[in-house]
Amino acid sequence: MPQVFHRSSNTLARLSIVTGAALLVSSVLIGSNLSRSPYVTKVGAPVDQPVPFSHKHHVKELGIDCRYCHSTVETSAVASVPPTHTCMSCHSQVWTNSPLLEPIRQSYLNGTPVKWNKVYDLPDFVYFNHSIHVQKGIGCDTCHGPVHEMNITYKAQPLSMAWCLDCHRQPEKYIRPKEEVYNYEYKQPKNQLELGEKLVKEYGIRKEQLTDCAICHR
Amino acid sequence: MKRKHRSLNLDEIRERLAGARGRNYWRSLEEVADSEEFRQILEKEFPLQSSPLGAFLHRRQFLKLMGASLALAGLTSCRPLPQRKIVPQVQQPEEVIPGKPLYYASAFTLGGFGRGILVESHEGRPTKIEGNARHPASPGRQGVQPLNQPARIHPDGTPEHLGATDAFTQASILTLYDPDRSQSPVQQNRVASWQDFNTALAAAMAKQAAVRGAGLRILTETVTSPSLAALLEELLRKYPQARWYQYEPVNRDHSLEGTRIAFGEPLQAIYRIDRADVILSLDANFLHGDGASVRYAHDYSTRRRVRRDTRSMNRLYVVESTPTVTGSVADHRLPLRPSQVSAFAQALAKAVGLPVSAPSLPAEVQRWVDVVARDLQAHRGRCLVLVGESQPPAIHALIHAINDALGNIGQTVVYTAPVEVKPVSQTEEIRRLAQEMASGTVEALVILGGNPAYNAPADLEFARLLKETTQRGAFTVHLSMYEDETSALCEWHLPESHYLETWGDARAYDATVSIIQPLIEPLYPSRSSYEIVDAMLGRQRSGYDIVRSYWQGRSGNTTFDKSWRKWLHDGVVAGSALPVKMVKPRLTSVLEAVQKISPVPEGLEMTILPDPNIWDGRFANNGWLQELPKPLSLLTWDNAVYISPATAQRLGLSMDTGGLANMVDMVEIRYRGAKVRAPIWIMPGQPDDCITVFLGYGRQRAGKVGTDLGYNAYALRYSDSLWTVGGVTLAKTGERYPLASTQQHHSMEGRDLIHVGTLQQFLRDPDHFIPRHGAGELPSLYPEHQWDGHKWAMVIDTSLCIGCNACVVACQAENNIPIVGKEQVARGREMHWLRVDRYYEGGLDNPRTYHQPVPCMHCEKAPCEPVCPVGATVHSHEGLNQMVYNRCVGTRYCSNNCPYKVRRFNFLKYNDPKEPVLQLLNNPDVTVRGRGVMEKCTYCVQRINAARIEAKKLGRRVQDGEVVTACQAACPTHAIIFGDMSDERSLVAQAKAQPHHYGLLEELNVRPRTTYLATVRNPNPELEGD
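Computed from a prediction, not measured in an experiment: that's the story for all the values here.

What follows covers the overall build of chain A. Each helix and strand counted, chain A has 12 helices and one strand in total. Counting from the amino terminus, helix and strand elements in chain A follow one another as α-α-α-α-α-α-β-α-α-α-α-α-α. Its C-alpha atoms give chain A a radius of gyration of 25 Å, clearly above 17 Å, the size a compact globule of 218 residues would have. In terms of overall dimensions, chain A has a C-alpha envelope of 95 × 50 × 35 Å along the principal axes. Burial statistics for chain A: of 218 residues in total, 20% are counted as buried. Here the analysis covers contacts within chain A between residues at least 6 apart in sequence; of these, 70% occur between residues at least 24 apart.

This next bit is on the domain arrangement of chain A. According to the domain assignment, chain A contains domain 1 (8-36) and domain 2 (66-81 + 119-216). Computed from C-alpha coordinates alone, the two centres of domain 1 of chain A and domain 2 of chain A are separated by 41 Å.

A separate point is helix 19 (residues 543-555) of chain B. Because the α-helix completes a turn every 3.6 residues, residues three or four places apart line up on one side. Residue and element names in this part refer to chain B. For helix 19, built from 13 residues, the straight-helix expectation of 18 Å at 1.5 Å per residue is met to within 8% by its first-to-last C-alpha distance of 19 Å. Listed as buried for helix 19 are G543, I546 and V547. Here the buried residues of helix 19 occupy an arc of 90° about the axis, which is enough to place them on one side. Check the buried side of helix 19 and you find it contacts helix 7 (226-238), strand 20 (504-507), strand 21 (513-516) and helix 18 (529-536).

Let us look at helix 9 (residues 293-302) of chain B. Residue and element names in this part refer to chain B. Summarising burial for helix 9: nine of the 10 residues are buried, a large majority. By the burial criterion, the buried members of helix 9 are S293, V294, R295, Y296, A297, H298, D299, Y300 and S301. Of the surrounding elements, those touching the buried residues of helix 9 are strand 4 (113-122) and strand 11 (268-271).

A word on the sheet that holds strand 33 (residues 848-854) of chain B. Residue and element names in this part refer to chain B. Within the open sheet, the three strands sit side by side as 1-32-33. Their pairing is antiparallel. Either end of the sheet is taken by a strand with one partner, and the two such strands are strand 1 (25-26) and strand 33. Both strand 32 (residues 835-841) and strand 33 contribute to a ladder of seven bridges, which runs antiparallel. Within the sheet, the bridge partner assigned to Y840 lies in strand 33 and is T849.

This next bit is on the domain arrangement of chain B. All names here are of chain B. As assigned here, chain B comprises domain 1 (268-416), domain 2 (603-741) and domain 3 (745-750 + 791-1017). Distance between the C-alpha centres of domain 2 and domain 3: 31 Å. Ranked by the residues each element gives to the side of domain 2 that touches domain 3, the list is headed by helix 22 (residues 623-627), at three residues. Considering only residue class, the side of domain 2 that touches domain 3 consists of 13 nonpolar, four polar and one charged.

Between chain B and chain A, the contact holds 34 residues from the first and 35 residues from the second. Of all the elements in the fold, those that place two or more residues in the side of chain B that touches chain A are strand 2 (85-86) and helix 29 (941-953) of chain B. Its residues assigned to classes, the side of chain B that touches chain A shows 14 nonpolar, 15 polar and five charged. When strand 1 (residues 116-117) of chain A meets strand 2 of chain B, the two strands line up antiparallel, connected through two bridges. Paired with A:W116 across the strands is B:I86, a residue of strand 2 of chain B.

Right, let's talk about the packing of helix 5 (residues 167-176) of chain B against helix 25 (residues 806-814) of chain B for a bit. All names here are of chain B. Running from amino to carboxyl end, helix 5 crosses helix 25 at an angle of 25°, the nearest separation of the two axes being 8 Å. Relative to helix 25, the element helix 5 is oriented roughly parallel. Every pair of crossing elements has a handedness; the one defined by helix 5 and helix 25 is left-handed. Here helix 5 contributes A167, Q170, A171 and I173 to the contact with helix 25, which in turn contributes A806, V809, A810 and A813. The residue makeup of the contact of helix 5 with helix 25, split by class, is seven nonpolar, one polar and no charged.

All names here are of chain A. Relative to the helices and strands, H168 resides in helix 9 (residues 161-169). By C-beta crowding, H168 is classed as partly exposed, having 17 other C-beta atoms within 10 Å. Along the sequence, H168 and D141 sit 27 residues apart, while their C-alpha atoms lie 16 Å from each other. Setting aside chain neighbours within four positions, we find H168 in contact with L210 and T211.

What follows covers the sheet that holds strand 12 (residues 278-282) of chain B. Residue and element names in this part refer to chain B. In spatial order, the strands read 14-13-12-15; together these four strands make up an open sheet with parallel pairing. Whereas interior strands pair on both sides, the edge strands pair on one side only; in this sheet they are strand 14 (332-335) and strand 15 (383-387). Along the sheet, successive strands turn relative to each other by an average axial angle of 10°, direction set aside. When strand 12 meets strand 13 (residues 315-320), the two strands line up parallel, connected through five bridges. Across the sheet, residue V278 finds its bridge partner in strand 13, namely R315. Contacting strand 12, strand 13, strand 14 and strand 15, helix 12 (residues 363-378) crosses the sheet at an angle of about 140° to strand 12.

Let us look at the packing of helix 7 of chain B against helix 19 of chain B. All names here are of chain B. Running from N to C, helix 7 and helix 19 cross one another at 90°; their axes reach a closest spacing of 9 Å. The angle between the axes of helix 7 and helix 19 places the two elements in the roughly perpendicular class. Residues P226, S227, A230 and L231 of helix 7 pack against I546, V547 and Y550 of helix 19. Within the contact of helix 7 with helix 19, the residues separate by chemical class into six nonpolar, one polar and no charged.

This part takes up the confidence of the model for chain B. Residue and element names in this part refer to chain B. Put simply, chain B has an average pLDDT of 88, and 91% of its residues get 70 or more. Confidence drops under a pLDDT of 50 for residues 50-56, and excluding neighbours within four residues, the segment shows two contacts in the predicted structure. Listed scores for the predicted complex are pTM 0.91 and ipTM 0.90.

Attention now moves to the pairing of strand 21 of chain B. All names here are of chain B. In strand 21, alternate side chains face the same way, and those of V513 and I515 on one face and S514 and I516 on the other are all buried. In the sheet, strand 20 pairs with strand 21 via four bridges, with the strands oriented antiparallel. In the strand pairing of strand 21, G504 is matched with I516. Between strand 20 and strand 21, which pair antiparallel and follow one another directly, the connecting turn spans five residues, one of which, A511, has a positive phi of 80°.

All names here are of chain B. Relative to strand 10 (residues 243-246), strand 9 (residues 216-220) runs parallel, the two being bridged by four bridges. In the sheet register, I218 faces strand 10, and the bridge partner there is W244. Handedness of the crossover joining strand 9 and strand 10 through helix 7 is recorded here as right-handed.

Let's shift gears to unusual backbone geometry. Peptide bonds are, in most cases, trans, and in most cases residues other than glycine have a negative phi. Despite not being glycine, A:K42 shows a phi value in the positive range, around 65°. In this fold, A:K42 is placed in the loop between helix 2 (38-41) and helix 3 (55-61). Of note, B:H974 is a non-glycine position whose phi angle comes to about 55°, a positive value. Counting through the fold element by element, B:H974 comes out in the loop between helix 30 (966-970) and strand 38 (976-980).

Cut-off values and rules
Residues numbered from 1 in each chain as written. Chains lettered and ligands numbered in written order. Predicted model: local features only at pLDDT ≥ 70, side-chain atom pairs only at ≥ 80, totals over all residues. Helix = DSSP H or I, 4+ residues; strand = E, 2+ residues; numbered from the N terminus. Rg over C-alpha atoms; globule rule 2.2 N^0.38 Å. Buried ≥ 20, exposed ≤ 12 C-beta atoms within 10 Å, placed from the backbone. Contact = placed C-beta atoms within 7 Å. Domains from an automatic or database assignment. Expected span 1.5 Å × (residues − 1). Arc of directions from axis to C-beta. Pairing = 2+ DSSP bridges. Nonpolar A, V, L, I, M, F, W, Y, C, P; charged D, E, K, R; others polar. Axes fitted to C-alpha atoms, helices over the stretch in contact; angles between N-to-C directions. Parallel < 35°, antiparallel > 145°, perpendicular 65-115°, else oblique. Left-handed = near helix turned anticlockwise from the far one by under 90°. pLDDT = per-residue confidence, 0-100. Right-handed = clockwise from strand over helix to strand, strands pointing away.

As structure tokens, then:
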């Protein structure tokens, strides 16, 4: 009886096992890396807005405090995007004829709100609260990145659960003195962990509790 | 699944109950019968699964399908998130902080009576109703809050003066977002515009002006609103020949007529339940349903809160013809037919020394009369006798005389002028209107609210007359929220604004005025009755202008703006309650009326009552109330005919023993030519030879939810006998009907779940009030949980729970809990996180009843946690048993391992509002769950988190009373206490230190955080043997 398979079949068989395994591993690797990549998380991708608002100009060059516009950041869960009125408190005086600001003027005149595109969008089952974070010494730029350098705002962090938990497990890695929360030029000191431990204690942060599910999910 | 059921054998059940030794609590007839089907329900967590696969699916096919659905499941999660928008306001109102709710005071009315509410609004979207503790009809934990004290508001925005509510008030917000509400004026089945209507109205009014309104008739429901009354009076001055009638089916005709007989004028009786040591209720369900019941339940509870230092309690006797919430919490309850309740009242009158000739009563009833009379007389001026609307006016008058004889007038009962603007006999009014319609004199009929074509007494044939009037060319208009039975017969249907969309005012049971403040612009082009009457006067004012200008005109002072703002803020117009009148009943006219009571014809008697959830039918399209288990029968989605076990046996009627849906016999009720087919419900505690039917069902045009459910009891209601009749016959039809009752769902196998004792036992030896198993703490294999922060816990005082279900609806509203429909309830899949278990004790014919609300126990060593393969249910440091929806894969192991059966599984996509308007209702602070996910009570973790965050910002601990769960806030008797048990001064820690404190199934050593206080009764030793 002649041989059914040619000798090269052995090599092919071995090869297919190896490539099969390699494919499996690489597909897992590709998949997991892709889902974490900026392609999916949109980190660093500027988001188009109805008005090309520049944080760099307003924050760094003009020196406007974050809270002038994001006025509820200390009191509410949301920092809030300012009402048109806030824009017009300056722009009724400066750049009154700028074509870029036409949507703002229209909104103010017609009473129709401006629809901004959300940059930091958490899933609906996550309940993030701005006010408690700024109260406990988490700086704006810890999550929002160098906003003062952004011409068009983009997402600076992936907002994945692992990223949240990094700080919720070890807040001392990121915490800063309360009075430095809005200081975008704040640099972490060399003894961050030491200072962090001290602040965590001082601000009454219960680290164990920070990883309770119901802290963010309810 | 094979469904082989046998009928309940009532003799056998009776025998078993009689043979039981010691205390014996039971939940349902099926449980006592202990049938095979019942055991099956007991042993399986989810007894009625979908049909087993083998029946229709091959193994290979199954694998293929599974493969495909797995692949698809994976794909759906890879979808990129859509770009979402942030839409800030153009001009931000000063008080609005995005992300924080605001609370506005307003009022909800039912039967004309206002109940104070605070409405939670998220960025202009009302989502939840709480009581307003400043309002006399909705007291908070500390009773009614005085107006001169500044409102303390928690930093997170929650007002401290949250008051209690009832289930209707809680559920009324669902009606606002009901997609079935009518959305446009309709003229003879064609969509029309308001402009069209205004033109038609102007023409009709011009025609009436020529004849001084001779053909103009206006029909409203009960009006207590001062500003609407002023408009109607103005209209009647302008059209002197016109008539304004009032009618609603659940009216107060008998009460008003009773005071007319007794005092010569219509009066409003206000009871001071908290001052009464002994209370006797004759068919009066004063703890549930009417405009004062939340207040009365609160006042009642102040005298039943048993703590270590308690020395006395009030005592409640109830004589009733239908098991009710009030009867269920009575220390002594006597079921009697309605005619015998009247006889009881007469015998009592005689026993307290009034010169009446009492009919002869059976010996044991007479003994009751004597014992109760002695108890009442021993507490002269500190006792109270109440009588229900269903009793005839003469008995009402007699009760006023009895209260006078007992020295109670001015003490436990006071009288004021009526709260209604026009205290008339509404039955008389609708009869007169029907006569006028029959004689053809009605040329223009404006019906503002109500649904008379459906709910007017059957003998008036209102629907036929209305149809004929319209066909004759009369201008007939119906303003209502739904295009209902009456709308269909009118020329015009007009969409009515929901009370949260419009301005108004209303008086409470003690006449305190509240301004009804809207929370949202009308969702559809709708109008209020105020605006329609104003339009009839040829004006086009908004509701705001109407109400405000009325009150401005009355006050006339320059500081009006300030007081107006304060009224709106407080939800109460200070000092608007009516003064107490000093009155004395005129005995001769009372006795004369009592003599004229006609004897009841032979045969079965029948009581007609409003449905405890659907009321007169107005809530028929409210899914929350439809699915809410009715007190005592725990029926959902249907009304049934209550019949006593003995009478059912005599008539050969039965129910099936098992299954989750009860197959019951259908009967035909025949009364004066009317025939109604209805399912029966064998009701322990129902008096023999007396059936009870419930109004509100059998709707033909209620909406998608409420149409064609149950039977229409209005067909049996005649204008000369609204509530009770004799001479009814029942005939078995031979058909069977499935009813969905939750009474066997989530059964915990009758272990030591409730503990009951008497006040005497408590006083004698409080520490042995509850038999304890073993001594001290049980050992555990699991390590002790160490935490020095908050330890959240709940204590439910079962002495106080009246089973009114307000907590269940409050929980549903707060936590976005879906409804599932009758078929799913019948499979045991209702989603309520909190259920109120009802237990019976004693014989079949008049068992004692106990209520036990059961939310998640938040066990410290929770059995659900170790069995979850994906860690979807885990413990928090503060002691919450957390449910992580996103981790849950739906194994349901947790639920199978839960000894308390408090976990609920989303078998289908229940929370899938196809109507976008329903999404507006959701609480934004709570995740909306999808299919295949387990859920359960969270202790309102969103409220805990809000309070904790605010406290942490201020650098302090959460204070006692800052976290109020939804169920706790709603409870009229404040039976639910929630707080931090590590704080010794907290109410919850104090409650846990009480001698009659116990946990459910303590022997399992799962250390539940939710625990109970045993029921303490205060029976009269003379009757205790009964």
